[in-house]
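# Coordinate analysis (summary)
Residues per chain are reported as follows:
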2 protein chains.
Amino acid sequence: MSFEERAKELVAKMTFAEKISQMRYDAPAIERLGVPAYNWWNEALHGVARTGTATVFPQAIAMAASFNTELMQTVASAISDEVRAKYNAFKQTGHTEIYEGLTCWAPNINIFRDPRWGRGHETYGEDPYLTGVMGTAYIKGMQGEGKYRKTDATLKHYAVHSGPESRRHEFNARVSDKDLYETYLWAFKYCIDHADPSAVMGAYNAVDGEPCCASKKLLQDILYGEFGFRGYVVSDCGAICDINNHHKVTKNEAESAALAVNNGCDLNCGTAYQWLKTAAALGLVDEETVTKAVEKLFTARFRLGMFDDDCEYNHIPYDIIECDKHRALNRQMAQEGIVLLKNNGILPLDSSKRIAVIGPNADSVRALLANYKGIPSIYSTLLQGIRNQAKAHVDYAMGCDLMKRDEDKIREAIVAANNSDVVILCMGIDASLEGEEGAVSDVNIGDKPDLELPDIQKKLMEKIIALGKPVIFVNVSGSCMNLTYADTNCDAVIQCFYPGAEGGNALADILYGKVSPSGRLPVTFYKSADDLPPFEDYSMENRTYKFFQGEPLYPFGYGLTYTDIQENWVDENTVEISNNGSFDTNYSVLKYEYIPHKSLCGIKKVFVKCGETVRVHFDK
Amino acid sequence: MSFEERAKELVAKMTFAEKISQMRYDAPAIERLGVPAYNWWNEALHGVARTGTATVFPQAIAMAASFNTELMQTVASAISDEVRAKYNAFKQTGHTEIYEGLTCWAPNINIFRDPRWGRGHETYGEDPYLTGVMGTAYIKGMQGEGKYRKTDATLKHYAVHSGPESRRHEFNARVSDKDLYETYLWAFKYCIDHADPSAVMGAYNAVDGEPCCASKKLLQDILYGEFGFRGYVVSDCGAICDINNHHKVTKNEAESAALAVNNGCDLNCGTAYQWLKTAAALGLVDEETVTKAVEKLFTARFRLGMFDDDCEYNHIPYDIIECDKHRALNRQMAQEGIVLLKNNGILPLDSSKRIAVIGPNADSVRALLANYKGIPSIYSTLLQGIRNQAKAHVDYAMGCDLMKRDEDKIREAIVAANNSDVVILCMGIDASLEGEEGAVSDVNIGDKPDLELPDIQKKLMEKIIALGKPVIFVNVSGSCMNLTYADTNCDAVIQCFYPGAEGGNALADILYGKVSPSGRLPVTFYKSADDLPPFEDYSMENRTYKFFQGEPLYPFGYGLTYTDIQENWVDENTVEISNNGSFDTNYSVLKYEYIPHKSLCGIKKVFVKCGETVRVHFDK
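Not measured: the values here are computed from a predicted model. (Residues numbered from 1 in each chain as written. Chains lettered and ligands numbered in written order. Predicted model: local features only at pLDDT ≥ 70, side-chain atom pairs only at ≥ 80, totals over all residues. Heavy atoms only, no water.)

### Re the relation of the copies chain A and chain B
It takes a turn of 180° to lay chain A on chain B, together with a shift of 0.0 Å along the axis; the resulting RMSD is 0.0 Å. Read as a symmetry element, the transformation amounts to a two-fold axis. Identified as the residue of chain A closest to the rotation axis by C-alpha distance is A:V365, at 5.4 Å. Residue by residue, 100% of the interface of chain A is reproduced at the interface of chain B, so both copies engage with the same surface. (Least-squares fit on C-alpha atoms with pLDDT ≥ 70 in both. Contact = heavy atoms within 4.5 Å.)

### Points about the confidence of the model for chain A
The share of residues in chain A with pLDDT of 70 or more is 100%, and the mean pLDDT across the chain is 97. Of the two predicted TM-score estimates for the complex, the pTM is 0.97 and the ipTM is 0.95. (pLDDT = per-residue confidence, 0-100.)

### Considering the pattern of salt bridges
Side-chain pairs of opposite charge can arise whenever the charged atoms involved come near each other. According to the stated counting rule, one finds 81 salt bridges over all chains in the structure shown. The closest approach of N and O atoms between B:R230 and B:D196, which form a salt bridge, is 3.0 Å. Placement of B:R230 in the loop between α8 (216–226) and β8 (232–235) and of B:D196 in the loop between α7 (186–195) and β5 (199–202) is noted, with a sequence separation of 34 residues between them. Put simply, A:R119, A:E122, A:E165, A:R168, A:E436 and A:E437 are held in one network by salt bridges that share partners. (Salt bridge = Lys/Arg side-chain N within 4 Å of Asp/Glu carboxyl O. Helix = DSSP H or I, 4+ residues; strand = E, 2+ residues; numbered from the N terminus.)

### Some details on the interface of chain A and chain B
The interface of chain A with chain B comprises 34 residues on the first partner and 34 residues on the second. Taken over both partners, the interface formed by chain A and chain B buries close to 2,900 Å², and the fraction arising from carbon and sulfur atoms is 51%. Counting across the interface, chain A meets chain B through 10 salt bridges. Salt-bridge contacts for A:E100 lead to B:R411; the nearest nitrogen and oxygen are separated by 2.9 Å. Scanning the region where chain A abuts chain B turns up 22 residue pairs in polar contact (both at pLDDT 80 or more). Elements with a contribution of two residues or more to the side of chain A that touches chain B: α4 (69–91), α15 (382–389), β11 (394–397) and α16 (408–418) of chain A. Among the elements that line the side of chain A that touches chain B, the one with the most residues is α16(A), at four residues. Of the residues contributing to the side of chain A that touches chain B, the split by class is 13 nonpolar, 10 polar and 11 charged. (Buried area = accessible area lost by both parts, 1.4 Å probe. Polar contact = N/O pair within 3.5 Å; in protein donor to acceptor, adjacent residues only side chain to side chain. Nonpolar A, V, L, I, M, F, W, Y, C, P; charged D, E, K, R; others polar.)

### Brief notes about the packing of aromatic side chains
Taken as a whole and assessed by the stated rule, the structure comprises 48 aromatic pairs over all chains. Ring centres of A:Y224 and A:F229 lie 5.9 Å apart, and the angle between their planes is 40°; this geometry places the pair in the tilted category. By the burial criterion, A:Y224 is buried, and A:F229 matches it. A ring pair is formed by B:W569 and B:F618, whose centres lie 6.1 Å apart and whose planes are at 10°; its orientation type is stacked. Linking B:W569 in strand β15 (residues 565–571) with B:F618 in the segment after β19 (613–617), this pair joins segments that are 49 residues apart in sequence. Three or more aromatic residues link up through ring pairs in this structure, and these residues are A:Y25, A:W41, A:Y99 and A:W105. Here the basic side chain of B:K156 rests over the ring of B:Y372, its NZ or CZ set 4.7 Å away from the ring centre. (Phe/Tyr/Trp six-rings, centres within 6.5 Å; stacked < 30°, edge-to-face > 60°. Buried < 20%, exposed > 50% of the residue type's maximum accessible area, 1.4 Å probe, protein only. Lys NZ or Arg CZ within 6 Å of the ring centre and 35° of its normal.)

### A few points about the pairing of strand β9 (residues 339–343) of chain B
Residues and elements named next belong to chain B. Counted residue by residue, β9 has four buried out of five residues, so it is predominantly covered. Bridging between β9 and strand β14 (residues 492–495) involves four bridges; their strand directions are antiparallel. Counterpart to K342 in the pairing with β14 is V493. (Pairing = 2+ DSSP bridges.)

### Quick word on the sheet that holds strand β4 (residues 172–173) of chain A
An order of β4-β6-β7 (chain A) is seen for the three strands of this open sheet, with the pairing classed as mixed. With one partner strand each, in any of the chains shown, β4 and β7 (210–211) of chain A form the two edges of the open sheet.

In structure tokens, the structure reads:
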């Protein structure tokens, strides 16, 4: 019997109340039918999250910067191995709980349309094509290619979702059909076409008046209709109650639940679906619709092998968590996600130079990890990574806190800089300053007010630069920051996003020339948020490399290597990549089309030894 | 000219207002006399503190547990080298600021009379003799033996000070003369007799009605009189204002300042001494008294070489901070400060055993550092230390937070334990749960309410023990905790206090038998605070090993090694130490006298190879 048939047979034995109970994320057991309790909520954006020790890969935005879809798929395969290893181990305790299951609520394929959005670092950047191919690679790695699905991937947040965090529960995004299809929905369709994702998560916001988790247009007409999506839809957490409480499109939870289920939202993260019984009594929803939803959910559970002993993933051992292979893979991804933005020749660094490593992100574990994260038990901060490879004296001075106006520490930084040949300034922000609603305790509660470094860091940077030593500036952030001052005044500028548990080793690999940098920016680096439309304006006009009319500091796709690469386009789909410099390097070839605006339509990452030429062909 | 003569000559040129200005901890420059500004406040309890990167040695209580006075002096010498290195570097920026000077406000030689006191971990424990000899060793190491003083050490807090933190600004300790001399003042006198400390800091509290910083009895009669102290006295920070605001012994700051200066408190940490001009106008203090105080302060500054180019410490380089030599020394001190309390033979651990390291203090940097601390840029958490030496698979699970009732993490700990041969539970508290006024945000604001592990940790421990795996319990705390349950149910129990930046490596050295443990408890480990008198009762009756009438879990001085040591006392002052086991070990010989209660009166730490006998002679 197929998974669908087994689901149908099982669901046919359930009472209406039992069916409804299975549409909650924390589905209870139905003992008489041998159905164990199952909690659908797990997180795995860049490693198994929220359930303790795991390999913490670079944040999604950093993996996007690798422009390496094959590597992304390999990483996702490692992540899903760890999800399975945990699931197998937890199951042996007799049951599983939240964050212990196989249904993972990632990837976040929203478009990072404005650099102020706090959750932008969970995405693959501002370009729909890059987002589509990275999302596809992630899904393939997570879901596997076996008889059973290894884990379920969930495209989120459908759709258009991208801030502001402070208004997400009532926000109504107004978008043109052109922007909707060309920008906001493009990657969803691409992933559905290319990777058959198990699930889609509806967003908190409304689009053109319809709350996403209950939108006829977005769910019925487009997702299930036009896009032919065959999986299940889950609500964002609490989003169904938002329909009556904040969007005020319905009068109560029963109406909200009915509206959502009737439009194809099968699973509820939250409590609203307990009102489905009331809704049915009021005639707002019929049993057939409920049955169809529950059949989809049990098809997914059967397809994950939850009821079978022969599932090929049942024996992935706990020891693979943070194993050497995963750590090596993690380091490679971190290397490829680091973007070199300026280099006057100081890099790669002579390892005999005395170094002062300065800044609040230099020895910060939090700077490695971003949000939706596990706990690494083996990691290298930027400082530790540099120490591991430096052959001369290394001084460290924190210099200042990320935000607090405590200047006591600046004097130590000056002393350390004076004691060195080269200063490596490790600055920027972390997930306590950009993230989801509630991440930050100020009025923006997660979003950035602007693109500026905190004032205390600017002051530190100015004082260090005034000393006249060579300075390498390393920026940690999941989003565009205004790096104009660093670009003007520093000898080298590196963007390392949130580089994961191996971030320090990977940075040192780049700094000391063990590998050539090969990352590219997955977002435009603007000079100021003032150059952009208001944050709440969802029109794409004057946003992203496609439509921005100003001059960015560093454009989308920008990223230097340590060698001299020449691209020679033989024809529209064929290019010869020549390495005329003295470093072997990875190199991402980007193919653009003009429709009529410039638009990415192809990515291939290749390794080119110095003196060699590699021919790259794009299929389409 | 002697330092005293130079001071006298300089001070003679000062106006009265200038003199008063020099009695503030943040003394301004007197440019016409070539006197630079100087901030007297620096901290160096277990490494240079509050001024960035430094070698962070084990907390004072852990160093006391080494019972190794020679090692203590070597450590203090390393600390003062780092103080000097920082001072030299900061001076090159044109001036020095707070925490950049040479006058260090340590050691804390208060008696840890009650395990609830939050600041107890800053002390050398409950025994006056141990406190006296460790304090002496610290002072000698800090002050050096050169022409100039390397740094100034400051005995604090004079006197009787030991909680509660919540009432320290108004507390009046009532003590008998017997307890005063035998317990609370004993170590002050010992240090003055044996190490000539530069300074003494007055305490916040009052003793028998007299606020300590202005006490005729404590300062004039005892300290300067009976004890013959020749240095300067500094107030604790804000303590002079407490005299009128909280003790209400005076009516205003002018009266408080006058009372303090008249009784010999020469330097004010705080703002009260700005009222000395008013006090003088009112006839409360005379210029001669002020002059004498300022002469003492400038004698100290001259003696520190601040005005001389030939000071032998002017060229200690910045590179010695955290240098290899200091790190090796740090590791040795950490090894010697770890106390083995129970061992059923599981230790030393077979390195081929699969390990699960579990607990909120396992991968915590804060657990290493305690309070009054610098920032280590190289460190090993307990987990990292174990990983560095384990030869088999190591799993890590945090298990729970230190205090928060978040049980999600316990399930991961169970999985990790089930995946291992041996569990190492790393529990206890850190300086966010015991410390100075303000360290903790509950009603105790720094003190412990009792001796219990937080409930969530108890629950985690019970669940792990229920699995039936061998368990090694490692407790991190700066004070006695009730370890009864661990003692009954675990295979080994280790107390590692706050072991400093090399704490993880040192713990692993012990666990895997690289060295035999040799630490001893510097405090009694009681079974419950209920066995003790009320915290605010300053009588020594029924406190410490000397007077406690109950049965402790582990007595003062307790500590196991990996070998079989026999003590054979040849006569009252001579003992033969035979190592009849199979491990070389360090061993602290303790000599007691009975006066009539048992009282420590001699310590010698020796290295005894297996099969050998070492003869130890005590002089007195």
